[in-house]
Amino acid sequence: MAAAPDLNSLKDTLLFLATAGVVVPVFHRLKISPILGFIAAGVLLGPHGLGRLATGLPWLSAVTLTNVESIGHIAEFGVVFLMFMIGLELSWERLSTMRRLVFGLGSLQVAVTSAAIGVVAWALGQTPAAAAVLGGALALSSTAIVLPVLAERRRLQTASGRASFAVLLFQDLAVAPFLVMIAVLGARDGGGIGTGLLIALAPAALTLFAIVGVGRLALRPLFHHVARTRSVELFMAACLFVVLGTALTTAASGMSMALGAFLAGLLLAETEYRREVEVTLEPFKGLLLGVFFVSIGAGLDLGRIAESPVVVLAIAIGVVALKSAILFGLGLATGMTASVSRNVALPLGPCGEFAFVMIGAATALGLVPAAVGQTVLLAVTLSMVAIPTLIALTIRRGASAQPPGTQAPAGLAPPEDDVARVLVAGYGRVGRLVGDMLARHEIPYIAVDGDADVVRHAHAEGRPAHYGDAARPEFLRRCGIGAARALVVTMDAPAAVERVVAAARAERADLTIVARARDAGHATKLYTLGATDAVPETIEASLQLSEAVLVDIGIPMGLVIASIHEKRDEFRKLLNAGDDLRREPRVRRTVLRPKE
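Overview of the structure. In every chain, residue numbers begin from 1 and rise along the written sequence. Given that this is a predicted model, residues contribute local features only at a pLDDT of at least 70 and side-chain atom pairs are listed and counted only at 80 or more, while totals for whole chains, interfaces and linings are drawn from all residues. With hydrogens and water stripped out, all remaining heavy atoms of the structure feed into the side-chain values.

## Focus on the packing of helix α8 (residues 159-186) against helix α15 (residues 338-348)
For helices, the fitted line uses only the C-alpha atoms of the stretch in contact; every axis is such a line through C-alpha atoms, and the angle between N-to-C directions lies from 0 to 180 degrees. Put simply, DSSP marks the helices as runs of H or I at least four residues long and the strands as runs of E at least two long, and each gets a number from the N terminus on. Contact pair α8 / α15: the axes reach a minimum separation of 8 Å and the direction vectors enclose 45°. Taken together, the axes of α8 and α15 lie oblique to each other. Pair α8 / α15 crosses with right-handed handedness. In this structure, α8 uses Ala159, Ser160, Ala163, Ser164, Val167 and Leu168 to contact α15, whose residues at the interface are Val340, Asn343, Val344 and Leu348. Looking at the contact of α8 with α15 residue by residue, the classes come out as seven nonpolar, three polar and no charged. An angle counts as roughly parallel when it lies under 35 degrees, as roughly antiparallel when it exceeds 145, as roughly perpendicular when it falls between 65 and 115, and as oblique in every other case. Note: crossing handedness is left-handed where the near helix turns anticlockwise from the far helix by less than a right angle, and right-handed where it turns clockwise. Residue contacts are counted whenever heavy atoms from the two residues lie within 4.5 Å of one another. When residue character is reported, Ala, Val, Leu, Ile, Met, Phe, Trp, Tyr, Cys and Pro are called nonpolar, Asp, Glu, Lys and Arg charged, and the others, Gly included, polar.

## Quick look at the nonpolar core
General note: in soluble globular proteins, nonpolar side chains tend to be found buried as a group. Within the largest apolar cluster, 93 residues are counted, with the highest numbers of intra-cluster contacts made by Met83, Phe292, Phe293, Phe354 and Val380. When residues of this core are assigned to their parent elements, the largest contribution, 15 residues, is made by α8. Apart from the residues lying within four places of it in its own chain, the contact partners of Phe354 are Val79, Leu82, Met83, Ile86, Leu140, Asp172 and Val175. Counting residues in each nonpolar core, the second largest holds 29 residues, with Phe81, Ala238, Ala247 and Leu288 among its members. Remark: nonpolar core denotes a set of buried residues (Ala, Val, Leu, Ile, Met, Phe, Trp, Tyr, Cys) joined through side-chain atoms within 4.5 Å. Classification of residues uses two cut-offs on accessible area relative to the type maximum, computed with a 1.4 Å probe and protein chains only: under 20% is buried, over 50% is exposed, and between them is partly exposed.

## Some points on the packing of aromatic side chains
Planes of paired rings set the category: under 30 degrees apart is stacked, over 60 is edge-to-face and the rest tilted, where pairs are Phe, Tyr or Trp rings (Trp by its six-membered ring) whose centres lie within 6.5 Å. Summed over the entire model, instances satisfying the criterion amount to seven aromatic pairs. Between the aromatic rings of Phe103 and Phe170, the centroid separation amounts to 6.1 Å while the plane-to-plane angle is 85°, which identifies the pairing as edge-to-face. Taken together, the residues Phe103 in helix α5 (residues 99-123) and Phe170 in helix α8 connect sequence positions 67 residues apart. Judged by centre distance (6.5 Å) and plane angle (35°), the ring pair of Tyr427 and Tyr445 falls under tilted. One end of the pair, Tyr427, is in the loop between β1 (422-425) and α19 (429-440); the other, Tyr445, is in strand β2 (residues 445-449), with 18 residues separating them in the sequence. Both residues of the pair, Tyr427 and Tyr445, belong to the buried class.

## Topic: the sheet that holds strand β5 (residues 512-517)
Paired strands, in this sense, are two strands between which DSSP finds at least two bridges. If you walk across this open sheet you meet the six strands as β3-β2-β1-β4-β5-β6, and the pairing is parallel. Across the chains shown, the open sheet's two edge strands, defined by having one partner strand only, are β3 (465-467) and β6 (533-536). Averaged over all pairs of adjacent strands, the angle between strand axes in this sheet comes to 20°, irrespective of strand direction. As judged from the four bridges shared by β1 and β2, these two strands associate in the parallel manner. Bridge pairing links Val424 to Ala447 in β2.

## Describing unusual backbone geometry
Unusually for a residue other than glycine, Arg230 sits at a positive phi of about 55°. Along the chain, Arg230 turns up in the loop between α9 (193-228) and α10 (232-252). Note on Arg230: relative accessible area 56%, which makes it exposed. A positive phi is found at Glu442, a non-glycine position, where the angle reads about 60°. Examined against the element boundaries, Glu442 turns out to sit in the loop between α19 and β2. A residue is classified by how much of its surface remains accessible, and Glu442, at 75% relative accessible area, is exposed.

## Some words on the pairing of β5
Taken together, the four bridges between strand β4 (residues 486-489) and β5 define a ladder with parallel strand orientation. Looking at β5, one finds that Val489 is bridged to Ala515. Handedness of a crossover is defined as follows: with both strands directed away from the viewer, a clockwise route from the first strand across the helix to the second makes it right-handed. The β-α-β motif built from β4, the intervening helix α22 (residues 494-507) and the parallel element β5 has right-handed crossover chirality. Pairing of β5 with β6 involves four bridges; the strand directions are parallel. Following the sheet pairing, Ala517 is matched in β6 by Pro536.

Okay, here's the thing in structure tokens:
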């Protein structure tokens, strides 16, 4: 007989799913980051919220989180998936293009802010190790809140938005070294720092080299063989295997699981499967991050604010003010205007989600006292709550010197998926020809195909082809449909073409969509689905035959081309109107006379 299920664990899972179902829609409607809602829900449902009342009101135990520790183990994977997705967003080309601000302003912000906060913490009585951890943790800002809010308010295309993106990019890169630093400090066991470094870094270095070496050799062949099956389930299984496998490998060597996932993301970022992997794992990342923030909220004791409100508020306000002032000064020093520097400094002044990871790990290792860590995390939470307000404040004051869409400073390229390119769905014989013509006219494009062999051959030739299903709206977003100049659908399967056209038109009402049609009837249907132009193969073949024969029998080329264009326009109008092409249209005819 099967063992009875653990009702407490199932109850906590149901509570989280109910929270996700309520929090996300409500906070989207209020234009507030759902992350803040998850934290608030964790505080309310946790042992320091309604859980305090459960002893006097037993029925409340049914709607409170009773096993925060078990949720915490699952919540760790939220950060793992976040770091993996951050790795997928990076590429050597992007880092090279943005190197001035990423490695200039970004590195200065992390170094100067970490040192300043660390000195303050040490002056207030913390040990050097605790001060170093607190300085690094509080220097980081919230990528998970800032970037979505900036994107929603259309600020990523401004100079300040792109500079914020660059700083956050370097901060994300700095997380891994900070986690290694915590592991080294926690592994000293009274020995010298040199011994501690050797003990911690020797197996870590071997593990990292092994992950990079095996990943470069095995990841692309693995995903190619899985993609050839055209099985969504197997592709998802391969994605989860890579993320969890690398995460557990680094954990086994004494490092953070998040570091292994980050490396896996970096290795996959240069492959043709990157965008499909992003789309496949996005739901997992969103849900697991939700669990992470719920667990953070459940572990916060807001009663401490009542016990020492001055201390908590002073830390929160002091950290935001210090970080903003440092970043504002660094912005001016690196050549940004005062208004742009202010727009960068205010949103990045509050702390970020990785403060919970770093301080939690340091507390578990005894580097930071538990009471200090809890108080600091309360201040971190309060600062994160202020991020949307700070961004709205900069917009209301008109602090940005450049409206959305204006040119960014030199050396700061837009995020890769914001480039205005042409999307080519289907990269077979027709799609490759379309791509060649676009390249000849120096128009950037990206091609998408669901055939792994087609994509592999195109990628081997250096063509911008990616594996994925262009009929999925989330995949189109990952390919940059929001900024695309046009979409060309070249697949030879009529049903697939219809799905892509319908999905693309639902995403953007103003997008130019040119689609390949099987015949006149199919073209008419594509027009009803929203295609700007539908090109029937049968009609185009007839027009090309007509053009060839007319030229061959001596009709002047100019007259032939004019008549072909006129006939094509007639067909286009009839197809748009849904008329029967078997009726002869009543239109003006062009008289063609042969050469004398």
